[in-house]
Amino acid sequence: HVLHPGVIYRHVILTVPEGWEGGEFSISEAPGRELPDGANIGFRQPSTVFPDPCAPERGAITVGSTVEDLVNALADLPNLTASAQDEVTISGFSGTHLTFVVDTEGIDCVMALYGQGSFIRAADNGQHQDLWILDVDGMRLVIDAATYPRTTAADHAELQAIVQTLVIERTD
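A few points on the structure. Please read these numbers as outputs of a predicted model, since none were measured by experiment.

## Regarding the state of the cysteines
The full count for this structure, using the stated rule, is one disulfide. There is a disulfide in this structure between Cys54 and Cys109, and the S-S distance comes to 2.1 Å. A torsion of -100° about the S-S bond marks the disulfide between Cys54 and Cys109 as left-handed. Highlighted residues: Cys54 in the loop between strand S6 (48-49) and strand S7 (61-62) and Cys109 in the loop between strand S9 (93-102) and strand S10 (111-116), separated in sequence by 55 residues. Overall, Cys54 belongs to the partly exposed group, its relative accessible area being 30%.

## Re the nonpolar core
Counting residues in each nonpolar core, the largest one holds 20 residues, and the members touching the most others are Leu70, Leu74, Phe100, Met111, Leu113, Leu131 and Ile133. For this core, the secondary-structure elements that each account for two or more residues are helix H1 (67-75), S9, S10 and strand S12 (128-136). Here the element with the most residues in this core is H1; it accounts for five residues. If near-sequence neighbours (up to four positions away) are discounted, Phe100 is found in contact with Leu80, Thr81, Ala82, Ser83, Leu113, Gln127, His128, Gln129 and Leu131. Counting residues in hydrophobic clusters, the runner-up holds 18 residues, among them Ile90, Ile143, Ala145 and Ile168.

Cut-off values and rules
Residues numbered from 1 in each chain as written. Predicted model: local features only at pLDDT ≥ 70, side-chain atom pairs only at ≥ 80, totals over all residues. Heavy atoms only, no water. Disulfide = S-S within 2.5 Å. Helix = DSSP H or I, 4+ residues; strand = E, 2+ residues; numbered from the N terminus. Buried < 20%, exposed > 50% of the residue type's maximum accessible area, 1.4 Å probe, protein only. Core = buried A, V, L, I, M, F, W, Y, C linked by side-chain atoms within 4.5 Å. Contact = heavy atoms within 4.5 Å.

Written as C-alpha coordinates, this is what we have:
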(Lines give C-alpha, C1' and ligand atoms only; values in the text may rest on other atoms or scores of the structure.)
Protein backbone atom coordinates (compact mmCIF):
# COMPACT_ATOMS: atom_id res chain seq x y z
CA HIS A 1 0.00 0.00 0.00
CA VAL A 2 1.12 3.53 -0.74
CA LEU A 3 -0.31 6.23 1.53
CA HIS A 4 -1.46 9.47 -0.08
CA PRO A 5 -2.63 12.70 1.59
CA GLY A 6 -6.37 12.75 2.09
CA VAL A 7 -6.26 9.13 3.29
CA ILE A 8 -6.48 7.64 -0.19
CA TYR A 9 -4.73 4.32 -0.48
CA ARG A 10 -3.31 2.72 -3.58
CA HIS A 11 -2.47 -0.90 -4.15
CA VAL A 12 0.48 -1.80 -6.31
CA ILE A 13 -0.28 -5.25 -7.69
CA LEU A 14 2.68 -7.26 -8.96
CA THR A 15 3.11 -10.44 -10.91
CA VAL A 16 6.16 -11.97 -9.24
CA PRO A 17 8.16 -14.79 -10.85
CA GLU A 18 9.02 -17.94 -8.96
CA GLY A 19 12.13 -17.48 -6.82
CA TRP A 20 11.42 -13.86 -5.88
CA GLU A 21 10.52 -12.88 -2.32
CA GLY A 22 9.09 -9.74 -0.87
CA GLY A 23 8.27 -7.46 1.96
CA GLU A 24 6.02 -4.46 2.44
CA PHE A 25 7.95 -2.05 0.18
CA SER A 26 10.24 -4.25 -1.94
CA ILE A 27 10.82 -7.61 -3.60
CA SER A 28 14.03 -9.28 -4.66
CA GLU A 29 15.33 -12.27 -6.54
CA ALA A 30 16.22 -14.68 -3.75
CA PRO A 31 18.71 -15.17 -2.28
CA GLY A 32 20.89 -12.65 -4.16
CA ARG A 33 19.63 -9.21 -3.19
CA GLU A 34 22.95 -7.38 -3.34
CA LEU A 35 26.35 -7.37 -5.02
CA PRO A 36 27.59 -8.93 -7.18
CA ASP A 37 24.54 -10.52 -8.87
CA GLY A 38 21.34 -9.49 -7.10
CA ALA A 39 18.16 -7.90 -8.40
CA ASN A 40 15.56 -6.04 -6.39
CA ILE A 41 12.70 -3.60 -6.82
CA GLY A 42 11.16 -1.22 -4.30
CA PHE A 43 8.47 1.43 -4.07
CA ARG A 44 9.11 4.80 -2.44
CA GLN A 45 7.93 8.38 -2.22
CA PRO A 46 11.22 10.23 -1.67
CA SER A 47 11.27 13.88 -0.70
CA THR A 48 15.00 14.58 -0.31
CA VAL A 49 18.37 14.20 -2.02
CA PHE A 50 21.81 14.78 -0.53
CA PRO A 51 24.19 17.59 -1.53
CA ASP A 52 27.08 15.24 -0.70
CA PRO A 53 25.80 11.75 -1.50
CA CYS A 54 28.90 10.19 0.08
CA ALA A 55 28.09 11.94 3.39
CA PRO A 56 24.29 12.05 3.85
CA GLU A 57 24.78 12.93 7.52
CA ARG A 58 25.72 16.44 6.33
CA GLY A 59 22.06 17.04 5.55
CA ALA A 60 19.37 16.58 2.96
CA ILE A 61 17.82 18.99 0.49
CA THR A 62 14.04 18.89 0.10
CA VAL A 63 13.00 18.29 -3.49
CA GLY A 64 9.90 19.84 -5.05
CA SER A 65 6.82 17.64 -5.43
CA THR A 66 6.83 17.00 -9.18
CA VAL A 67 8.33 14.14 -11.19
CA GLU A 68 10.58 16.66 -12.96
CA ASP A 69 11.85 18.06 -9.63
CA LEU A 70 13.08 14.64 -8.51
CA VAL A 71 14.43 13.63 -11.94
CA ASN A 72 16.49 16.83 -12.14
CA ALA A 73 17.81 16.47 -8.59
CA LEU A 74 18.86 12.86 -9.14
CA ALA A 75 20.36 13.53 -12.57
CA ASP A 76 22.58 16.21 -10.98
CA LEU A 77 24.13 13.81 -8.43
CA PRO A 78 27.86 13.17 -8.84
CA ASN A 79 29.34 9.74 -9.57
CA LEU A 80 26.70 8.61 -12.05
CA THR A 81 27.49 7.26 -15.52
CA ALA A 82 25.46 5.90 -18.43
CA SER A 83 22.58 8.17 -17.46
CA ALA A 84 19.47 8.31 -19.66
CA GLN A 85 15.91 9.61 -19.36
CA ASP A 86 12.76 8.54 -21.22
CA GLU A 87 9.10 9.44 -20.85
CA VAL A 88 6.99 6.45 -19.72
CA THR A 89 3.46 5.40 -18.86
CA ILE A 90 2.92 2.61 -16.35
CA SER A 91 -0.55 1.42 -15.36
CA GLY A 92 -1.98 4.59 -16.94
CA PHE A 93 0.27 6.99 -15.00
CA SER A 94 2.89 9.09 -16.78
CA GLY A 95 6.39 9.87 -15.65
CA THR A 96 10.07 9.53 -16.42
CA HIS A 97 12.32 6.48 -16.54
CA LEU A 98 15.74 7.53 -15.24
CA THR A 99 18.57 5.02 -15.54
CA PHE A 100 22.19 5.27 -14.43
CA VAL A 101 25.16 3.36 -13.04
CA VAL A 102 26.77 4.36 -9.75
CA ASP A 103 30.51 4.96 -10.18
CA THR A 104 32.32 5.41 -6.88
CA GLU A 105 35.45 3.59 -8.02
CA GLY A 106 38.46 4.82 -6.04
CA ILE A 107 36.47 6.52 -3.28
CA ASP A 108 35.19 4.97 -0.08
CA CYS A 109 31.50 5.63 -0.58
CA VAL A 110 28.17 3.84 -0.51
CA MET A 111 26.28 6.59 -2.30
CA ALA A 112 23.06 8.03 -0.88
CA LEU A 113 20.55 8.49 -3.71
CA TYR A 114 17.44 9.82 -1.98
CA GLY A 115 15.59 9.93 1.33
CA GLN A 116 12.07 9.34 2.55
CA GLY A 117 11.65 10.27 6.20
CA SER A 118 14.42 8.46 8.09
CA PHE A 119 14.96 6.01 5.20
CA ILE A 120 18.04 6.62 3.02
CA ARG A 121 18.32 4.78 -0.30
CA ALA A 122 21.99 4.00 -0.91
CA ALA A 123 23.80 2.35 -3.82
CA ASP A 124 27.13 0.54 -4.22
CA ASN A 125 29.76 1.05 -6.89
CA GLY A 126 28.70 -0.61 -10.15
CA GLN A 127 25.03 -0.78 -9.17
CA HIS A 128 22.67 -0.12 -12.08
CA GLN A 129 19.56 1.88 -11.16
CA ASP A 130 16.30 2.04 -13.05
CA LEU A 131 13.93 4.57 -11.51
CA TRP A 132 10.44 4.94 -12.92
CA ILE A 133 9.25 8.18 -11.36
CA LEU A 134 5.48 8.50 -11.81
CA ASP A 135 2.81 11.09 -11.14
CA VAL A 136 0.00 9.13 -9.50
CA ASP A 137 -2.88 11.59 -9.21
CA GLY A 138 -0.56 14.42 -8.14
CA MET A 139 1.63 12.29 -5.88
CA ARG A 140 5.10 11.13 -6.88
CA LEU A 141 5.80 7.39 -6.76
CA VAL A 142 9.22 5.89 -7.48
CA ILE A 143 9.56 2.33 -8.71
CA ASP A 144 13.22 1.66 -7.89
CA ALA A 145 14.95 -1.32 -9.49
CA ALA A 146 18.57 -2.20 -8.76
CA THR A 147 20.78 -4.68 -10.55
CA TYR A 148 24.49 -5.37 -10.37
CA PRO A 149 27.40 -6.16 -12.69
CA ARG A 150 26.78 -9.92 -12.57
CA THR A 151 22.98 -9.93 -12.48
CA THR A 152 21.87 -12.50 -15.04
CA ALA A 153 20.02 -11.60 -18.24
CA ALA A 154 17.13 -13.77 -16.99
CA ASP A 155 16.87 -11.76 -13.75
CA HIS A 156 16.98 -8.50 -15.75
CA ALA A 157 14.15 -9.78 -17.95
CA GLU A 158 12.08 -10.86 -14.94
CA LEU A 159 12.55 -7.48 -13.28
CA GLN A 160 11.45 -5.66 -16.45
CA ALA A 161 8.40 -7.94 -16.71
CA ILE A 162 7.43 -7.13 -13.11
CA VAL A 163 7.49 -3.40 -13.88
CA GLN A 164 5.71 -3.71 -17.23
CA THR A 165 2.85 -5.73 -15.77
CA LEU A 166 2.33 -3.98 -12.44
CA VAL A 167 -1.04 -2.38 -11.76
CA ILE A 168 -1.60 0.66 -9.56
CA GLU A 169 -5.19 0.77 -8.37
CA ARG A 170 -7.16 3.03 -6.08
CA THR A 171 -8.90 1.67 -3.01
CA ASP A 172 -11.47 3.90 -1.32
